[in-house]
Amino acid sequence: LGEKQSATSKGVHAFIKRNGQATLGIAEIGGGSGLIAKEMLPYFPNIVRWTNYEISDEVLKLGRPDDPRYVPVNVTNFRWWETLPIDGNVLLALHVIEHMSDDDFVHLVESLPPRIRVVYFQAPLAMRGPTSWHNMFCSHVMSMGWREVDEVMYANRFKARPAHDG
């Protein structure tokens, strides 16, 4: 990894590496212009597809990765997973879930297809909810903390493995 990569990309790199050399299809929610995909794809030939589900069509126009495995998908509604299948077997959501209501987050996790076998979240949540965004200038709404996120994941066949990558 290059020295200029963020803590986010270092954490994602470690996560992908930890998940072995199996064929991976990455489904990234809110991947913006594809920066993380651009940083990761050269290191992992076993990633056969990286699908970026992004709600902002404007950000998708900013310097997308020049890799045929990268597929940007402009989603047009907030609960897009209700009408659009999620590709891949690995889900990434980096600084996305804090922008979801608790109900939307639970619904997303409950909607994940069985082929999604591992999930990686990064978010500035409290260890235990409620997470407070009071007096912060941001669009964060999730009140859950990491303990509650873990409970949702456990209830939906996933095991939690905390990672501190910052």
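Residues numbered from 1 in each chain as written. Predicted model: local features only at pLDDT ≥ 70, side-chain atom pairs only at ≥ 80, totals over all residues. Heavy atoms only, no water.

**Student:** I'm lost on the side chain of Thr-8 in this one. Help?
**Tutor:** Note that Thr-8 resides in helix H1 (residues 7-18). By relative accessible area, which is 19% here, Thr-8 ends up buried. Side-chain polar atoms of Thr-8 contact the side chain of Gln-122, separated by 3.1 Å. What Thr-8 contacts, discounting residues up to four positions off in sequence, is Ile-36, Leu-94, His-95 and Gln-122. (Helix = DSSP H or I, 4+ residues; strand = E, 2+ residues; numbered from the N terminus. Buried < 20%, exposed > 50% of the residue type's maximum accessible area, 1.4 Å probe, protein only. Polar contact = N/O pair within 3.5 Å; in protein donor to acceptor, adjacent residues only side chain to side chain. Contact = heavy atoms within 4.5 Å.)

**Student:** I tried to follow the packing of aromatic side chains on my own but got confused; where do I start?
**Tutor:** A ring pair, where both rings are aromatic, is described by two values, the distance of the centres and the angle of the planes. As enumerated under the stated definition, the model contains four aromatic pairs in all. Residues Phe-15 and Tyr-120 carry aromatic rings whose centres are separated by 4.8 Å and whose planes lie at 35° to one another, so their mutual orientation is tilted. With a gap of 105 residues between them, Phe-15 in helix H1 and Tyr-120 in strand E5 (residues 118-122) connect regions that are remote in the sequence. Residue classification places Tyr-120 among the buried positions, given a relative accessible area of 6%. (Phe/Tyr/Trp six-rings, centres within 6.5 Å; stacked < 30°, edge-to-face > 60°.)

**Student:** Would you explain the packing of helix H4 (residues 102-111) against helix H5 (residues 146-155) in this entry?
**Tutor:** Relative orientation and spacing of two packed helices are given, respectively, by the angle between their axes and the distance between those axes. Where H4 meets H5, the closest approach of the two axes is 9 Å, and the angle between their N-to-C directions is 30°. The orientation of H4 with respect to H5, classified from their angle, is roughly parallel. The two elements H4 and H5 meet at a crossing, and its hand is right-handed. Side by side, H4 and H5 meet where Phe-105, Val-106 and Val-109 of the first sit next to Val-149, Val-152 and Met-153 of the second. (Axes fitted to C-alpha atoms, helices over the stretch in contact; angles between N-to-C directions. Parallel < 35°, antiparallel > 145°, perpendicular 65-115°, else oblique. Left-handed = near helix turned anticlockwise from the far one by under 90°.)

**Student:** Whenever I open this one, H4 confuses me. Can you help?
**Tutor:** Along an α-helix, residues three or four apart share an orientation, since each turn contains 3.6 residues. The set of residues buried in H4 consists of Asp-104, Phe-105, Leu-108 and Val-109. Buried positions in H4, seen along its axis, are confined to an arc of 130° and lie on one side of it. Turned more than 90 degrees away from the buried face of H4, the exposed residues are Asp-103 and Glu-110. Buried residues along H4 sit in contact with strand E1 (24-29), E5 and H5. (Arc of directions from axis to C-beta.)

**Student:** Even after reading the chapter, I still don't get the pattern of salt bridges, so can you show me in this structure?
**Tutor:** For side chains of opposite charge, pairing can occur when their charged atoms come near one another. By the definition in use, this model includes five salt bridges. Measuring nitrogen to oxygen at the nearest pair gives 2.9 Å for the salt bridge that ties Asp-67 to Arg-69. Neither Asp-67 nor Arg-69 differs from the other in exposure class; each is buried. For Arg-79, the salt bridge goes to Asp-104, with nearest N and O atoms at 2.6 Å. Here Arg-79 is found in the loop between strand E3 (70-74) and strand E4 (90-94), whereas its partner Asp-104 is found in helix H4, with 25 residues between them in sequence. Within this structure, Arg-79, Glu-82 and Asp-104 form a network of salt bridges that share partners. (Salt bridge = Lys/Arg side-chain N within 4 Å of Asp/Glu carboxyl O.)

**Student:** Quick question: what am I supposed to make of the sheet that holds strand E2 (residues 47-54) here?
**Tutor:** Sheets are built from strands paired through backbone hydrogen bonds, the pairs being either parallel or antiparallel. As summarised here, the arrangement of the five strands in space is E3-E2-E1-E4-E5, forming an open sheet in which the pairing is parallel. Edge strands, defined here as strands with exactly one partner in the open sheet, are E3 and E5. Across this sheet, the average inter-strand angle for adjacent strands is 15°, counted without regard to direction. (Pairing = 2+ DSSP bridges.)

**Student:** Quick question: what am I supposed to make of the environment of Pro-42 here?
**Tutor:** Structurally, Pro-42 can be placed in the loop between helix H2 (35-40) and E2. In this structure Pro-42 comes out as exposed when scored by relative accessible area, which is 64%. Taking the C-alpha atoms as reference points, Pro-42 and Asp-67, separated by 25 residues in sequence, lie 8.8 Å from one another. When residues no more than four places from it in sequence are discounted, the contact partners of Pro-42 are Ala-37 and Arg-69.

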